[in-house]
Amino acid sequence: MKLATFNINGIKARAESLLNWLDTAQPDVAVLQEIKSVDENFPRDLFEDRGYQVETHGQKSFNGVAILSKLPLEDVSRGLPGDPQDEQARWIEATVVGKTALRVCGLYLPNGNPVPGPKYDYKLAWMDRLHARATELMAAEEPAVMLGDYNVIPQPQDAAHPEKWTQDALFLPQSRAAWQRIVNLGFTEIFGTRHPEPGHYTFWDYQAGAWQRNNGIRIDHMLMTPQCADLVTDTGIDKEVRGGNKPSDHVPLWAVLDL
């Protein structure tokens, strides 16, 4: 099974780019972030025609997450547990039914800028709730993955110019510590574990020729329970998508599982 995550930065603007990638890469399950669409306006037929079951957790103009799956989905839930007052659509999870059941949790973690301020406070509080959910997933001792746009640069080598990010919410010590606290529960950050060398990025800003200069950062990640990580046979980043027509500023991250 090929599992992927892709922050598309708006389904209306990036539909062509997304469909081209789906047709080329052929993921069995794709988790999307920043669909920027309410559920009823999401173009489900484009994906259902390709054999995908579509589950969305949308929000008008901002945020929004979705799961596309060619395998059956069960027990779909929306919203990160712990705060029923949270109106930002940033979390969706479902069980993918294959040879082995896999709990897939798609997330769009808050950016947190500017700092200091309420947006950064919200980011850290959201990460606290993420830690609580991650603790439950680990305790279940079953295959599970939390994947998506984490808006966290884990290490200096995950940025082409880390010195330029020292005051940014994505790279502040508190953000990285909150990330590491989740990883330390026993999760495997699968791409970084298999490709520990520097120079791998999943995001290039639209400004200042970042793509042309390869001034990127790695902020899209898959955190897997041991039972999930043991199933992985390959993982990669589809960097070339960033050079396509009307691309997102992110590119897909994928893993192949014996599932």
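Above this text you will find the structure in question.
Residues numbered from 1 in each chain as written. Predicted model: local features only at pLDDT ≥ 70, side-chain atom pairs only at ≥ 80, totals over all residues. Heavy atoms only, no water.

**Q** Just to check I follow, could you spell out the sheet that holds strand β13 (residues 232-237) for this structure?
**A** Sheet strands pair by backbone hydrogen bonding; their relative direction is either parallel or antiparallel. Across the sheet, six strands lie side by side as β3-β4-β2-β1-β14-β13; this open sheet has mixed pairing. The sheet is open, and its two borders are formed by β3 (53-57) and β13, each paired with just one other strand. Across this sheet, the average inter-strand angle for adjacent strands is 15 degrees, counted without regard to direction. Two strands pair when backbone bridges link them, and strand β1 (residues 2-7) and strand β14 (residues 253-257) are joined in this way by four bridges, in the antiparallel orientation. Paired with threonine 5 across the bridge in β14 is leucine 253. Sitting on the sheet, helix α1 (residues 11-25) touches β1, β2 (29-33) and β4 (65-69), and the angle it makes with β1 is about 165 degrees. (Pairing = 2+ DSSP bridges. Helix = DSSP H or I, 4+ residues; strand = E, 2+ residues; numbered from the N terminus. Axes fitted to C-alpha atoms, helices over the stretch in contact; angles between N-to-C directions. Contact = heavy atoms within 4.5 Å.)

**Q** In this structure, what is going on with the environment of tyrosine 52? I would like to understand it.
**A** Following the sequence through the fold, tyrosine 52 ends up in the loop between α2 (44-48) and β3. Measuring from C-alpha to C-alpha, the distance between tyrosine 52 and alanine 101 comes to 18 Å, with 49 residues separating the pair along the chain. The contacts of tyrosine 52, once residues within four sequence positions are left out, are Leu22, Gln26, Pro27, Asp28, Phe47, Leu68, Ser69 and Lys70. At 2.6 Å, the side chain of tyrosine 52 forms a polar contact with the backbone oxygen of proline 27. (Polar contact = N/O pair within 3.5 Å; in protein donor to acceptor, adjacent residues only side chain to side chain.)

**Q** Which parts of the structure should I look at to understand unusual backbone geometry?
**A** For residues that are not glycine, phi is negative in most cases, and the peptide bond is trans in most cases. At the junction of asparagine 113 and proline 114, the peptide bond is cis and its omega measures out at 0 degrees in the coordinates. Take proline 114: it is sitting in the loop between β7 (101-108) and α3 (118-139). Here asparagine 151, not a glycine, exhibits a phi torsion of approximately 50 degrees, which is positive. By relative accessible area, which is 4% here, asparagine 151 ends up buried. (Buried < 20%, exposed > 50% of the residue type's maximum accessible area, 1.4 Å probe, protein only.)

**Q** Would you explain the pattern of salt bridges in this entry?
**A** Charged atoms that come close allow side chains of opposite charge to pair. Counted under the stated rule, the structure contains 13 salt bridges. Where aspartate 128 meets arginine 181, a salt bridge forms, and the shortest distance between an N and an O atom there is 3.7 Å. Remark: arginine 181 occurs in helix α4 (residues 173-183) and aspartate 128 occurs in helix α3; sequence separation between them is 53 residues. Connected via shared salt-bridge partners are Asp75, Glu93, Arg103, Arg133 and Glu136. (Salt bridge = Lys/Arg side-chain N within 4 Å of Asp/Glu carboxyl O.)

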